[in-house]
Amino acid sequence: MVSEAESMARESVIVVIDGKRSKGMVEPLDWALKHVVRRKNTVIVVAILGDMGKKNATQCFPLNMRFNFSGILEKLEFSISSGHAEVKPRDLGEEIERKREQFQAILQPFSKQCKRNEVKLEVKLAAGICPEEITLKEAENANTRWIVLDSHLKKYKMCICWNVECNVAVMKGKDVATLMPSRAPKPDCSPVSSEQADAETWPDDPSLNDQETGNQNVIEEGESSIQPAPRGPSWCPLQFRPGFPREFLFSEIEEITNGFSDIVCQEGNLKVYEGVLQNTPVIVKSIQDDEQFWSMLTILSRVRHRNIMNVIGYCCTATNRLLISDYPCLYSFAMKLQCDVSAINLSWRARWYTATEIGGSLRYLHEECPDGPIVHQSVCSSSIVYSHGCSPMLSNFMTAKWYKGDVPFNGNSTGKCPNLEEDKQLYVDIHDYGLFLVELISGKVAGCFPHENEGQSLIDWALPLLESSSVTQLMDPRLADKEDDLKVVHCMARAALLCLKNDSGRSISISEVLAVVRGDQHAVLQL
């Protein structure tokens, strides 16, 4: 019998698989047992099932099953997320039983192999919970040496890698994996560490230093190693380095993306690939819509701001329209809010800092661009991304428009005076920025608001609380509401109300909204 102390002392290997598919499901476990599992290790298999059953699809709960392999279900545990109604095992009856039998049959041979090598095998099924979140929680609770990710879950690899100290392997195919060695020391996963923000001045002096993060090495098993250049204090993303943006040959893009072998996502006319350029992770967007491609390139070729995710290059051939950008390795603000581990690390001060920085990027687009105002039209938590050593950055310029109309790519433009129609279009961004402030305060993502299916949007829920100054009822319950934090939360709440419900009868500029976020009392009294 293994004691609790001995169990805690065991090194563990976490294998995260896509439990919704049958073909290739066990490849990550097979690879782990062959290459990284040692005698007397614990192997924790986490199978991601997605949402089981339409009835409970919105309840967002993890369910953990532990099996013995004599054909009997030994233990069934439900870990219910706070704020949701209790879910009884019988509510998912048939689907749970089907998965239990499936996994027990598939994993039986591995159970025997583990027993021979004194390896403890645990199996957990996770439904209705973010793969990133369940993986990070398991890594925290175990003495983890390796995390092995299913190839179908590779989009979570960078965020997991930057929030754990162990090694990470991502499957690329049968017996082939990308290895990401552990880093030390572990960085804070928030855009600005709490300690750093604590040392800075709050409203009326929003200057905060950028966080520098550590190094990352990527090694392909069976392929040539990629050794990224060391990241010191002077390191910066490719988009800010001399010589970028520039035009790339198609052959260069093929080399960067390893022959377009690693596709991150595909949606409509857009395909996104990952690659490596100058030992730095990048993404390559293939845009089928010719008009959309030239619109994005025309706009992004003219903007330069520390809080805007820009392009580092482009490629245009007879059949291809490609844009290359730095890889947003720490993912979007929406993903962070949806993961409890990451959301807790986004302190009130870090969230306020994000609000000021993104507000600054909008002020640049609306008021400071040399060729005239730009309206983004997609400001939300999903469009705010983080990369190594960077402040939060506004991305997703797929719907951005230049106010002056079509500006030729050769740089020629004709000026005209702003008009009321332009003010209305700019207000789209200001309204969306107000919604983003609500997301910052509440910790809820607009597109995933639990009552959306019932006809209540995040704004519908938040606006009465903003109007009645019931800010504490709006605040993210995952964060402590210290008295010092209330000041900055109230600043964001006042600005959100100004953006979402403008009773002054005049156009509000992003500069005026930003002044309220920063706590400028003169601006508050004027508005």
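Residues numbered from 1 in each chain as written. Predicted model: local features only at pLDDT ≥ 70, side-chain atom pairs only at ≥ 80, totals over all residues. Heavy atoms only, no water.

J.: Looking at this structure, how should I read the overall build of the protein chain?
T.: Per the secondary structure count, the protein chain includes 17 helices and 20 strands. A total of 527 residues make up the protein chain; the buried ones form 54% of that total. Contacts spanning at least 24 positions in sequence make up 69% of the contacts within the protein chain whose residues lie at least 6 apart. As presented, the protein chain carries roughly 23700 Å² of accessible surface, and 49% of it is formed by carbon and sulfur atoms. (Helix = DSSP H or I, 4+ residues; strand = E, 2+ residues; numbered from the N terminus. Buried < 20%, exposed > 50% of the residue type's maximum accessible area, 1.4 Å probe, protein only. Contact = heavy atoms within 4.5 Å. Areas by Shrake-Rupley, 256 points an atom, 1.4 Å probe, with all protein chains shown as cover.)

J.: Just to check I follow, could you spell out the pattern of salt bridges for this structure?
T.: Working definition: two side chains of opposite charge can pair if their charged atoms are close together. All told, the structure shown has 18 salt bridges when counted by the stated rule. Glu118 is paired through a salt bridge with Arg39; the nearest N and O atoms lie 3.4 Å apart. With a gap of 79 residues between them, Glu118 in the loop between helix H3 (93-116) and strand S5 (120-127) and Arg39 in the loop between helix H2 (27-35) and strand S2 (42-50) connect regions that are remote in the sequence. (Salt bridge = Lys/Arg side-chain N within 4 Å of Asp/Glu carboxyl O.)

J.: For this particular structure, what's the right way to read the nonpolar core?
T.: Most often, soluble globular proteins have nonpolar side chains that are buried together. By size, the foremost hydrophobic cluster in this structure holds 104 residues, and its most contacted members are Ile147, Leu365, Tyr433, Leu437 and Val513. Among the elements that make up this core, the one with the highest residue count is helix H15 (residues 483-500) (nine residues). In contact with Leu437, not counting residues within four places along its chain, are Ala355, Met492, Ala495, Ala496 and Val517. Counting 29 residues, the second largest nonpolar core, distinct from the first, contains Val15, Leu33, Val43 and Val148. (Core = buried A, V, L, I, M, F, W, Y, C linked by side-chain atoms within 4.5 Å.)

J.: How do you make sense of the packing of H15 against helix H16 (residues 510-517) when you look at a structure like this?
T.: Orientation of H15 relative to H16, taken along the N-to-C sense of each, is 155°, at an axis distance of 7 Å. One way to sum up the angle between H15 and H16 is to call them roughly antiparallel. Here Cys491, Met492, Arg494, Ala495, Leu498 and Cys499 of H15 lie close against H16, whose contacting residues are Val513, Val516 and Val517. Of the residues in the contact of H15 with H16, the class split is eight nonpolar, no polar and one charged. (Axes fitted to C-alpha atoms, helices over the stretch in contact; angles between N-to-C directions. Parallel < 35°, antiparallel > 145°, perpendicular 65-115°, else oblique. Nonpolar A, V, L, I, M, F, W, Y, C, P; charged D, E, K, R; others polar.)

J.: Help me out: how do you make sense of the sheet that holds strand S13 (residues 270-277) in this one?
T.: Taken in spatial order, the six strands make up an open sheet running S11-S15-S16-S14-S13-S12, and their pairing is mixed. Bordering the open sheet on either side are strand S11 (246-247) and strand S12 (263-267), each of which pairs with just one other strand. Across five bridges, strand S15 (residues 311-316) lies against strand S16 (residues 321-326) in antiparallel orientation. Note that in S16 the partner of Cys315 across the bridge is Leu322. Contacting strand S14 (280-287), S15 and S16, helix H8 (residues 290-300) runs over the sheet at an angle of about 40° to S16. (Pairing = 2+ DSSP bridges.)

J.: Could you clarify how one ought to interpret the packing of aromatic side chains in this entry?
T.: Centre-to-centre distance and the angle between the planes together describe a pair of aromatic rings. Overall, the coordinates contain six aromatic pairs when judged by the stated rule. With 5.6 Å between their ring centres and 25° between their planes, Phe250 and Phe260 make a pair best called stacked. Within this pair, whereas Phe250 is found in helix H7 (residues 250-256), its partner Phe260 is found in the loop between H7 and S12, the two being separated by 10 residues in sequence. On the accessibility criterion, Phe250 (26% relative accessible area) is partly exposed. Ring geometry for Phe260 versus Tyr273: centroids 5.1 Å apart, planes at 75°, classification edge-to-face. Taken together, the residues Phe260 in the loop between H7 and S12 and Tyr273 in strand S13 connect sequence positions 13 residues apart. (Phe/Tyr/Trp six-rings, centres within 6.5 Å; stacked < 30°, edge-to-face > 60°.)

J.: I would appreciate a short explanation of H8 in the present structure.
T.: The set of residues buried in H8 consists of Phe293, Met296, Leu297, Thr298, Ile299 and Leu300. Residues of H8 that are buried make contact with S14, S15, S16, strand S17 (374-375) and strand S20 (401-402). Where H8 begins, the side chain of Asp289 points an oxygen toward the backbone nitrogen of Glu291, at a separation of 3.0 Å. (Polar contact = N/O pair within 3.5 Å; in protein donor to acceptor, adjacent residues only side chain to side chain.)

J.: Please explain the packing of helix H13 (residues 458-467) against H15 as it appears in this structure.
T.: Packed helices, taken two at a time, are described by their axes: the angle between them and the distance between them. At a closest axis distance of 10 Å, the pairing of H13 and H15 adopts a crossing angle of 120°. Here the hand of the crossing between H13 and H15 comes out left-handed. Contact with H13, carried on its side by Ile459, Leu463, Leu466 and Glu467, involves Ala493, Ala496, Leu497 and Leu500 of H15 and no other residues of that element. Looking at side-chain class alone, the contact of H13 with H15 contains seven nonpolar, no polar and one charged residues. (Left-handed = near helix turned anticlockwise from the far one by under 90°.)

J.: What is the right way to read the environment of Arg116 from this model?
T.: Note that Arg116 resides in helix H3. Look at Arg116 and you get exposed, because its relative accessible area is 61%. For the pair Arg116 and Arg39, spaced 77 residues apart in sequence, the C-alpha separation works out to 9.2 Å.

J.: In this structure, what is going on with the confidence of the model for the protein chain? I would like to understand it.
T.: Close inspection of predicted coordinates is inappropriate for parts of the model with low pLDDT. Taken as a whole, the protein chain shows an average pLDDT of 76; of its residues, 72% reach a score of 70 or greater. Counting contacts from residues 204-230, a segment whose pLDDT is below 50, to residues more than four positions away or on other chains yields 79 contacts. Taken as a whole, residues 405-418 scores under 50 in pLDDT and shows 23 contacts with residues more than four places along the chain or in a different chain. (pLDDT = per-residue confidence, 0-100.)

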